[in-house]
Amino acid sequence: MRRLVIARARDLVNRSHKKYTNSPQHPFFLSSSRLLTSAPVIDSPSPSSSPMAPPVTVNSINPKIIECEYAVRGEIVILAQKLQQEIQSKPGSQPFDEILYCNIGNPQSLGQQPITFFREVLALCDHPAILDKSETQGLFSADSIERAWQILDQIPGGATGAYSHSQGIKGLRDTIAAGIKARDGFPADPNDIFLTDGASPGVHMMIQLLISSENDGILCPIPQYPLYSASIALQGGTLVPYYLDEATGWGLEISELKKQLETARSKGIAVRALVVINPGNPTGQVLAEENQREIVEFCKDEGLILLADEVYQENVFVPEKKFHSFKKVSRSMGYGTKDIHLVSFQSVSKGYYGECGKRGGYMEVTGFGADVREQIYKMASLNLCANTTGQILASLVMSPPKVGDESYESYCAERDGILSSLARRAKMLEDAFNNLEGMTCNKAEGAMYVFPRIHLPEKAINAAEAVKTVPDAFYCRRLLNATGIVVIPGSGFGQVPGTWHFRCTILPQEDKIPAVINRLTDFHKSFMDEYRD
C-alpha cells in the first residue's frame, strides 16, 4: 500500500511539473524570452572563453565598508595574531615567548577573574535543575540562589534560551531602572531602557537613526573611540571633530565645541548630536561636574542630542574625581525630558566586572517623542533581542549584593581588589612613560588606558614615510616585532595633526607590569638611539 501511494504521488508530481514548465507563463519562459530579445543565450562557455569575474570584489562591495576603520582590531593586531601563531608552531622563532595584548579593554583575557556572585547567578539561571538539589546549598551562596529564583520568575517560562522582549526582559529592566535611581537619586523608567549586546549595538542604532546623508553630522571628541567614526562612516554621515586639550589633562572646552559647531553649520552640515565619553577612552580623563553642567547647557541651547558613553563609570582612580552620570547632572539642573534629549550607554564589559565576552549592556533613551521611540523599538526588533546572559549580567551589575547579603563581603573584596590594583597599574605605567626620553603621559584618572604622546625624531618620521606608514603606527609595529607588546597607534583614534600617541591598556596583571615596563623601556631606548637626529 505504501509503495502504491509513493508511486501515485511521484506520477502526479511529474505530470504537474511537465504541464507547468511547458506553459509560456512559467518563469523560465519569461526570463528566456527577455534574454532572447537582447542577446543570444550561451549554453556553456567555450574552452577559449575568458573566466568570469568573481561575483564580489573589493571594488564591488559597499564603499562605506572600505572607508570605515577600527584600529583597535586593525593592522597591528592582525600582525600580532600572526606572530602568536608562529610562536606556537615554532617556539623560539621570536625574541619573546608570548604576545601581550594591550590593545583592547578585555580584562579577563589578561587574567582578571570574574566576580563570583555574578557567575554563580548565571550558572544557576542557565541550569535551574540544580536549584532544587540539596548539594547546591553548599556550593552556592544563599543570595545567589535567591537572586536566580527571582530572575527566572521574571523570564517567561524561566527559559534563558528563549527570545525575550525586543527591549529586554521587563523584570530585568525594572531592576536596572532601580539601580539607576539608586545611583543618581532621580527616577528611571524601565520603558526608557533598551538592553543590548554590549554598548556598541546601542551606539550603532542611534547613529543609524540620526544619520541619513553626508549632510548630517555628529560632534565627536578627538581622540575618540573608533566605534564612533566607523559607525558614522558606515551610515555615510560626517564626523565633526572637537579636540580635547592635552595640555589641560584632555580637557573638554565649551569654546572648542562652539567653534567646531559653527564651522560645520557654515558648511551646510546639520549637526545632530554630541558624543561625550566619560571617563575618557582612550584618554582616561574624568570630567568635573561643573564641566558636565556646561555640556548639558550647550546641548540644550544648540538643540543637540547628548550621546553619553558612560561604560567606564566604575573605573575612577583618583580621589579628587568622582563619576556623575549626565542623567543625574541634567536632572539636578532642573532639566527634564522636555528640555534635553539624552541617550546614556552602559556595558558589562568594563568596570571591575570585565565580562566582555558575555555581551551585555543597555542604553537609556530619554526626551524622545513617542513616534521616534516607536522607530527605535522597530530597530531593536530587527535584532530580535539581546542575548539573555548579557541581559541578566546587566541587571546584576546595576544591582550587586547589598549589606546583609551573604555574598556582600566577598563581593566588595573582589571589586575593591580589582579597582585598587588597576589604579596602581595605571600609576606605574604613567610614571614609566613620563621617564622615557621624548615621551609625556597625562594622569590616568579613569577608564582602562594610558595615552602617552611620543615626540618622534625627524629621522623616525622620515623612515615611516619611506615605507608609507603613519609615524606612530611605524613605532607600534616596531614595538610589537621587538617585544610582543600590542598597543594601538594614536592615529587610529584621531589626534592633533603633527602629534603622535599610542593607547596602552593598564590590564596586564599587576605582577607582569614591571616586565612590560622593562620591555617597553629597552625598546624605546634602542629606537631613539637608532633614529636620534
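Procedures and definitions
- Residues numbered from 1 in each chain as written.
- Predicted model: local features only at pLDDT ≥ 70, side-chain atom pairs only at ≥ 80, totals over all residues.
- Heavy atoms only, no water.
- Phe/Tyr/Trp six-rings, centres within 6.5 Å; stacked < 30°, edge-to-face > 60°.
- Helix = DSSP H or I, 4+ residues; strand = E, 2+ residues; numbered from the N terminus.
- Buried < 20%, exposed > 50% of the residue type's maximum accessible area, 1.4 Å probe, protein only.
- Core = buried A, V, L, I, M, F, W, Y, C linked by side-chain atoms within 4.5 Å.
- Contact = heavy atoms within 4.5 Å.
- pLDDT = per-residue confidence, 0-100.
- Pairing = 2+ DSSP bridges.
- Right-handed = clockwise from strand over helix to strand, strands pointing away.
- Salt bridge = Lys/Arg side-chain N within 4 Å of Asp/Glu carboxyl O.

Brief notes about the packing of aromatic side chains
The full count for this structure, using the stated rule, is 15 aromatic pairs. Judged by centre distance (5.8 Å) and plane angle (80 degrees), the ring pair of Tyr312 and Tyr449 falls under edge-to-face. In this pair, Tyr312 sits in the loop between strand 6 (305–309) and helix 13 (326–332) while Tyr449 sits in strand 10 (residues 449–450), placing the two residues 137 residues apart along the sequence. Judged on exposure class, the residue Tyr312 and its partner Tyr449 are both buried. Cluster of aromatic residues (ring-pair linked, three or more members): Phe433, Phe474, Tyr475, Phe502, Phe523, Phe527 and Tyr531.

Brief notes about the nonpolar core
Core analysis: the largest hydrophobic core is formed by 149 residues, its most contacted members being Phe118, Leu274 and Phe433. No other element matches helix 16 (residues 408–434), which puts nine residues into this core. Each residue touching Phe118, except ones within four places of it in the same chain, is listed here: Tyr352, Tyr353, Leu393, Leu396, Val397, Pro400 and Tyr411.

A few points about the confidence of the model for the protein
For the protein, the average pLDDT comes to 87, and 89% of its residues sit at 70 or higher. In this model residues 1–10 is a low-confidence stretch, pLDDT under 50, and it forms zero contacts with partners more than four residues away in sequence or in other chains. In this model, residues 12–42 is a region of pLDDT below 50 whose contacts with residues beyond four sequence positions or in other chains number eleven contacts.

Here we look at the sheet that holds strand 10
Sheet architecture is open: three strands sit in the order 10-14-13, paired in antiparallel fashion. Strand pairing shows two members of the sheet lacking a second neighbour, strand 10 and strand 13 (488–489), which therefore form its edges.

Looking at the pairing of strand 6
Burial runs high along strand 6: five of the five residues are buried. Of the two faces of strand 6, the one lined by Ile305, Leu307 and Asp309 and the one lined by Leu306 and Ala308 are each fully buried. Pairing of strand 5 (residues 270–277) with strand 6, which is carried by five bridges, proceeds in the parallel orientation. Counted as the bridge partner of Leu274 is Leu306 from strand 6. What joins strand 5 to strand 6 is helix 12 (residues 289–302), and the crossover it makes is right-handed. Pairing of strand 6 with strand 7 (residues 342–347), which is carried by four bridges, proceeds in the parallel orientation.

Considering the pairing of strand 3 (residues 216–222)
The buried fraction of strand 3 is high, at seven of seven residues. Of the strand pairs in this sheet, strand 3 and strand 5 are connected by four bridges, and their pairing is parallel. By the bridge assignment for strand 5, Ile218 is matched with Ala273. Two elements, strand 3 and strand 4 (residues 238–243), share six bridges in a ladder whose sense is parallel. Pairing of Gly217 across the sheet is with Thr238, part of strand 4.

Notes on the pattern of salt bridges
All chains considered together, the criterion is met by 18 salt bridges. The salt bridge involving Lys512 is made with Glu98; its shortest N-O contact spans 3.4 Å. With Lys512 in the loop between strand 14 (502–505) and helix 19 (513–531) and Glu98 in the loop between helix 4 (75–89) and strand 1 (100–101), the pair connects residues that are 414 residues apart, well separated along the chain. The exposure class assigned to Lys512 is partly exposed, which follows from its relative accessible area of 36%. Lys321 is the salt-bridge partner of Glu445, the closest N and O atoms lying 3.0 Å from each other. Here the residue Glu445 occupies a position in the loop between strand 9 (439–440) and strand 10, and Lys321 occupies one in the loop between strand 6 and helix 13, the gap between them amounting to 124 residues. The exposure class of Glu445 is buried, given its relative accessible area of 14%. Here the salt bridges do not stand alone but share partners, grouping Glu98, Lys512 and Arg519 into one network.

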